[in-house]
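# Close look at the chain arrangement
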Amino acid sequence: MDNTVKKLIGKLEEEHSLSREEWLSVFGGWDDSDRAYAAEKARAISLRVYGNKIFIRGIVEFSNVCKNDCFYCGIRRSNTNAQRYRLDDEEILMCCDEGYEQGFRTFVLQSGEDFAVYPPERMADIVRRIKEAHPDCAVTLSLGELERDALKLLKDAGADRYLLRHETADKEHYAKLHPAEMSFEHRMNCLRTLKELGYQTGAGLMVGSPYQTNECLAEDMVFLGDFKPHMIGIGPFLPHKDTPFRDMPKGSYELTLFILSLCRLMLPDVLLPATTALGTIREGGRAQGVLAGANVIMPNLSPTAVRKKYMLYNDKIGTSDNTSDSRLKVEKEMAEIGYEVVITRGDHI
Ligand code: SAM
């Protein structure tokens, strides 16, 4: 039996780092027994660091209008079939109030890049109002790429965290996923700025995005190991019927779980969500994500009426639910595997 990958997993557990070549050996040679081996170790680490406690964050998807045209994304500007919507400030605050009642202590405001209608000043005002209403809560933003001044304004208004997946750490791969008007350097610089400004910063990627190779994944792992984000969002790529990638195969469920475990082994304290895409590709996927080392789940707080419109990929789960349904489902799914949803901000340690 060839134990190369298991040896590298052991090395990662001890040293929290592998070279690009070693990552290539892992991605080129793993099988299901390696995945189980990594999951067992990763689960032990997350139990040691976070116990059997699962942090929840409520997502408010407040606008699906986007100026960008990412080839993979269902809310890209060229998708004329998307029914566009925008929540007003009162609606956003109401979603947070309802979430608070349900035990959420982190609110994630996410949208397409819709800065013309939600400029930083307006978002800063919304952040301030959420923090005034719920001083014991964290606010996470996921608005896309902004300049330093805007990010500083939002930080000063009280935003605690920012999610901006890097999508891929390979510049050539980035250019195959995005139109030429979008810049790899700009996204990476934005991530660096977020960290400098003191945000708890989340990077991340889609597993199995079109044209992704083992070299791309090795580059992603080297980047994540160097950058050391506080959070890593990882889910499988899932095609959307109204995008140029409609006929591309979905990402691998198993590889997504394996990469979650590898991230936990590399960055033991990292906040690692079992994502909605993971729950979409396979029923029970989020529970398996937790068993592979994840410790965060991000249920939806958006009004049920708009959920189907924030369709990043086909068949997204939870779009017919209300806030209470989403919350209860997660609680049940976690209880079934011996984990407990806790009422806390759930900051990075
Ligand atoms: N506009 C913000 C930004 O660019 O970060 C936040 C919203 S964006 C829709 C959130 C994430 O959805 C992206 O970072 C991307 O990784 C993910 N996503 C988009 N389309 C997807 C797809 N087809 N399959 C899986 N994930 C997808």
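In what follows, the accompanying structure is described.

Cut-offs used in this document
Residues numbered from 1 in each chain as written. Predicted model: local features only at pLDDT ≥ 70, side-chain atom pairs only at ≥ 80, totals over all residues. Heavy atoms only, no water. Salt bridge = Lys/Arg side-chain N within 4 Å of Asp/Glu carboxyl O. Helix = DSSP H or I, 4+ residues; strand = E, 2+ residues; numbered from the N terminus. Buried < 20%, exposed > 50% of the residue type's maximum accessible area, 1.4 Å probe, protein only. Contact = heavy atoms within 4.5 Å. Pairing = 2+ DSSP bridges. Right-handed = clockwise from strand over helix to strand, strands pointing away. Near = heavy atom within 4 Å. Polar contact = N/O pair within 3.5 Å; in protein donor to acceptor, adjacent residues only side chain to side chain. Areas by Shrake-Rupley, 256 points an atom, 1.4 Å probe, with all protein chains shown as cover. Nonpolar A, V, L, I, M, F, W, Y, C, P; charged D, E, K, R; others polar. Core = buried A, V, L, I, M, F, W, Y, C linked by side-chain atoms within 4.5 Å. Phe/Tyr/Trp six-rings, centres within 6.5 Å; stacked < 30°, edge-to-face > 60°. Axes fitted to C-alpha atoms, helices over the stretch in contact; angles between N-to-C directions. Parallel < 35°, antiparallel > 145°, perpendicular 65-115°, else oblique. Left-handed = near helix turned anticlockwise from the far one by under 90°.

## Some thoughts on the pattern of salt bridges
Inspection of the entire model under this criterion finds 29 salt bridges. Close ionic contact of Arg35 with Asp32 constitutes a salt bridge, the shortest N to O distance being 3.0 Å. Remark: Asp32 and Arg35 occur in helix 3 (residues 32–50); sequence separation between them is 3 residues, near one turn of the helix. The partly exposed category is assigned to Asp32, whose relative accessible area is 47%. In this structure, Lys329 and Asp321 form a salt bridge, with 2.7 Å as the shortest nitrogen-oxygen distance. Taken together, the shared-partner salt bridges in this structure form one network comprising Lys131, Asp160, Arg161, Arg345 and Asp347.

## Observations concerning the environment of Lys176
Relative to the helices and strands, Lys176 resides in helix 7 (residues 171–177). What Lys176 contacts, discounting residues up to four positions off in sequence, is Phe71, Tyr211 and Phe245.

## Quick word on the pairing of strand 2 (residues 58–63)
Along a regular strand, successive side chains alternate from one face of the sheet to the other. In terms of residue burial, strand 2 counts as a mostly covered element, since 6 of its 6 residues are buried. As defined by bridge partners, strand 2 adjoins strand 3 (residues 106–111) across 5 bridges and the pair is classed as parallel. Pairing of Glu61 across the sheet is with Gln110, part of strand 3. Since strand 2 and strand 3 lie parallel, the crossover through helix 4 (residues 89–101) that links them has a hand, and here it is right-handed.

## Re the site of the ligand
Around the ligand, the surrounding shell holds 19 residues, and the nearest of these are Tyr72, Ser111, Arg165, Glu167 and Leu238. Taking Ser111, its main chain carries an N or O atom lying 3.0 Å from a nitrogen atom of the ligand. One of the side-chain nitrogen or oxygen atoms of Glu167 is found 2.5 Å away from an oxygen atom of the ligand. About the coverage of the ligand: the protein hides 92% of its 560 Å² of free accessible area. In terms of residue class, the shell around the ligand is made up of 11 nonpolar, 5 polar and 3 charged.

## Focus: the nonpolar core
Counting 106 residues, the largest nonpolar core has Trp23 and Leu262 as its most contacted members. Per-element accounting of this core gives the leading share, 10 residues, to helix 10 (residues 253–266). Met231, Leu271, Val296 and Met298 belong to the second largest nonpolar core, which has 10 residues in total.

## Here's the deal with the packing of aromatic side chains
Considering all chains together, one arrives at 10 aromatic pairs under this definition. Geometrically, the ring pair formed by Tyr162 and Tyr199 is edge-to-face, given 5.7 Å between the ring centres and 85° between the ring planes. Taken as a pair, Tyr162 in strand 5 (residues 161–163) and Tyr199 in the loop between helix 8 (184–196) and strand 6 (200–207) lie far apart in primary sequence, 37 residues in all. Per residue, the accessibility class of Tyr162 equals that of Tyr199, and both read buried.

## Focus on unusual backbone geometry
The phi dihedral of His16 falls on the positive side, at around 60°, and the residue is not glycine. As for its placement among the helices and strands, His16 is situated in the loop between helix 1 (4–15) and helix 2 (20–29). One non-glycine residue, Asp315, lies in positive phi territory at about 65°. Considering the arrangement of structural elements, one finds Asp315 in the loop between helix 13 (304–307) and helix 14 (323–336). Overall, the relative accessible area of 66% leaves Asp315 in the exposed class.

## Focus on the sheet that holds strand 8 (residues 296–297)
Read from one edge to the other, the open sheet built from 3 strands follows the order 8-1-9, with strand pairing classed as parallel. In this open sheet, the two strands that pair with only one neighbour each are strand 8 and strand 9 (340–342). The pairing of strand 1 (residues 53–56) with strand 8 spans 2 bridges and is parallel. The partner of Phe55 across the bridge, within strand 8, is Val296.

## Quick word on the packing of helix 1 against helix 10
Orientation of helix 1 relative to helix 10, taken along the N-to-C sense of each, is 40°, at an axis distance of 8 Å. With respect to helix 10, the element helix 1 is oriented oblique. Contacts between helix 1 and helix 10 involve Val5, Ile9, Leu12 and Glu13 from the first element and Phe258, Leu262, Leu265 and Met266 from the second.

## With respect to the packing of helix 2 against helix 9 (residues 214–227)
One can describe the packing of helix 2 onto helix 9 by two numbers: an axis separation of 9 Å at closest approach and a directional angle of 130°. With respect to helix 9, the axis of helix 2 lies oblique. In this structure, helix 2 meets helix 9 at a crossing whose hand is right-handed. Residues Arg20, Trp23, Leu24, Phe27 and Gly28 of helix 2 form the contact with helix 9, whose participating residues are Asn214, Glu215, Leu217, Ala218, Glu219, Met221 and Val222.

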